[in-house]
Amino acid sequence: MNYWLMKSEPKIYSFDDLKRDRETVWDGVRNYQARNFLRQMQVGDLAFFYHSNIAFPGLVGLVRVVATLADPTQFDPNSRYYEPKSTPECPRWQTVRVEFVETFPLISRETLKQEFSTEELIVLRQGNRLSVMPVVEKVALQILALANSKIAQS
DNA sequence: GCCAACGTTGGC
DNA sequence: GCCAACGTTGGC
């Protein structure tokens, strides 16, 4: 099993939206590096949900991969993510369906910076624009421990 | 709102 | 294939 970090702007799709929907398809990713990570994701993998582009960015919860699939928006001529070169037999863009697992008390970007280096956590790197990125197990377990201690405090 | 960092586009 | 210009992202 692998760990990931998935980034979303809450103004566009927040963790509360996912909690309400229970699950969602991570569609619309049109960056090859992010797609390659999406291709590596497997059912059962866990991902930290990160809120970006807000006053207090950080990790807000945990999600689980429940399916892998071709991004449906690439076949939709009305979608801004339409990809005319894609066919169902040979899709260009792969993605995953994720389900809500649990909410954390916010683990702020500031806290993450104190705990981890930019080498350990890609999301901390300046200018990072990937919406999906891997998290090595050692770091993932530390984040989960951090989340559990915050839950215990609250 | 500012601006640095990044990916993409398009002229050559 | 290079690279300047441009649009977007995202922290602050």
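None of these values were measured; they are calculated from a predicted model. (Residues numbered from 1 in each chain as written. Chains lettered and ligands numbered in written order. Predicted model: local features only at pLDDT ≥ 70, side-chain atom pairs only at ≥ 80, totals over all residues. Heavy atoms only, no water.)

K.L.:
Which parts of the structure should I look at to understand helix α2 (residues 32-40)?
P.N.:
In an α-helix, one turn spans 3.6 residues, which is why side chains three or four residues apart end up on the same side. Considered for burial, the residues of α2 that qualify are Ala34, Arg35, Phe37 and Leu38. One face of α2 carries all of its buried residues, which in axial projection span an arc of 160°. Looking at the buried residues of α2, the elements they touch are β1 (3-8), β5 (94-108) and β6 (132-135). (Buried < 20%, exposed > 50% of the residue type's maximum accessible area, 1.4 Å probe, protein only. Helix = DSSP H or I, 4+ residues; strand = E, 2+ residues; numbered from the N terminus. Arc of directions from axis to C-beta. Contact = heavy atoms within 4.5 Å.)

K.L.:
Looking at this structure, how should I read the protein's contact with DNA strand B?
P.N.:
Around DNA strand B, a shell composed of Arg30, Gln126, Gly127 and Arg129 is seen. Each residue belonging to the surface near DNA strand B can be placed in one class, and the counts come to no nonpolar, 2 polar and 2 charged. (Near = heavy atom within 4 Å. Nonpolar A, V, L, I, M, F, W, Y, C, P; charged D, E, K, R; others polar.)

K.L.:
Please explain the sheet that holds β6 as it appears in this structure.
P.N.:
Two pairing modes exist for strands in a sheet, parallel and antiparallel, and in both the strands are linked by backbone hydrogen bonds. A sheet is described by the order of its strands in space; here 6 strands give the open sequence β2-β5-β4-β3-β1-β6, paired in mixed fashion. Each of the sheet's edge strands pairs with one partner strand only, and the pair in question is β2 (23-25) and β6. Averaged over all pairs of adjacent strands, the angle between strand axes in this sheet comes to 35°, irrespective of strand direction. The pairing of strand β4 (residues 58-70) with β5 spans 11 bridges and is classified as antiparallel. By the bridge assignment for β5, Gly61 is matched with Thr103. (Pairing = 2+ DSSP bridges. Axes fitted to C-alpha atoms, helices over the stretch in contact; angles between N-to-C directions.)

K.L.:
Before we go on, may I ask you to explain the packing of aromatic side chains in this structure?
P.N.:
Aromatic ring pairs are reported here in terms of the distance separating the ring centres and the angle at which the planes meet. One pass over the structure, following the stated rule, counts 6 aromatic pairs. Ring geometry for Phe15 and Phe49: centres 4.9 Å apart, planes at 50°, overall tilted. One end of the pair, Phe15, is in helix α1 (residues 15-21); the other, Phe49, is in strand β3 (residues 46-51), with 34 residues separating them in the sequence. Aromatic side chains Phe15 and Phe100 sit 5.4 Å apart centroid to centroid with 40° between the ring planes, which places their arrangement in the tilted category. (Phe/Tyr/Trp six-rings, centres within 6.5 Å; stacked < 30°, edge-to-face > 60°.)

K.L.:
Would you explain the protein's contact with DNA strand C in this entry?
P.N.:
Taken together, Lys7, Glu9, Tyr50, Ser52, Asn53, Pro57, Arg109, Lys113, Asn128 and Arg129 make up the full set of residues near DNA strand C. Tyr50 places a polar side-chain atom, nitrogen or oxygen, 3.0 Å from a phosphate oxygen of DNA strand C. Between DNA strand C and Lys113, the relevant distance is 2.3 Å, taken from a phosphate oxygen to a side-chain nitrogen or oxygen of the residue. Within the surface near DNA strand C, the residues separate by chemical class into 2 nonpolar, 3 polar and 5 charged. (Polar contact = N/O pair within 3.5 Å; in protein donor to acceptor, adjacent residues only side chain to side chain.)

K.L.:
It is not clear to me how the side chain of Ser8 should be interpreted in this structure. Could you clarify?
P.N.:
Mapped onto the fold, Ser8 is located in strand β1. Taking relative accessible area as the criterion, Ser8 reaches 9% and is therefore assigned buried. At 2.6 Å, the side chain of Ser8 forms a polar contact with the backbone oxygen of Tyr13. Those residues in contact with Ser8 that sit more than four places away from it in its chain are Tyr13, Trp26, Phe49, Tyr50, His51 and Ser52.

K.L.:
What should I look at first to understand the side chain of Thr73 in this one?
P.N.:
Within the secondary structure, Thr73 is located in the loop between β4 and β5. Those residues in contact with Thr73 that lie beyond four places of it in its chain are Asp27, Gly28, Arg30, Ser79, Tyr81 and Tyr82.

K.L.:
What's the story with the environment of Phe49 in this structure? I'm lost.
P.N.:
Residue classification places Phe49 among the buried positions, given a relative accessible area of 0%. Contact partners of Phe49, with chain neighbours within four places excluded, come to Met6, Ser8, Tyr13, Ser14, Phe15, Leu18, Trp26, Gly58, Leu59, Val60, Gly61 and Val63.

K.L.:
How should the nonpolar core be read in this particular structure?
P.N.:
It is characteristic of soluble globular proteins that their nonpolar side chains tend to be buried jointly. Residues Met6, Phe48, Leu121, Val135 and Ile143 are the most contacted members of the largest nonpolar core, which totals 44 residues. For this core, the elements supplying multiple residues, two or more each, are β1, α1, α2, β3, β4, β5, β6 and α4 (137-153). When residues in this core are grouped by element, the largest group, 6 residues, is from α4. Discounting chain neighbours no more than four positions away, the residues touching Leu121 are Leu5, Leu112, Phe116, Val135, Val139 and Ile143. (Core = buried A, V, L, I, M, F, W, Y, C linked by side-chain atoms within 4.5 Å.)

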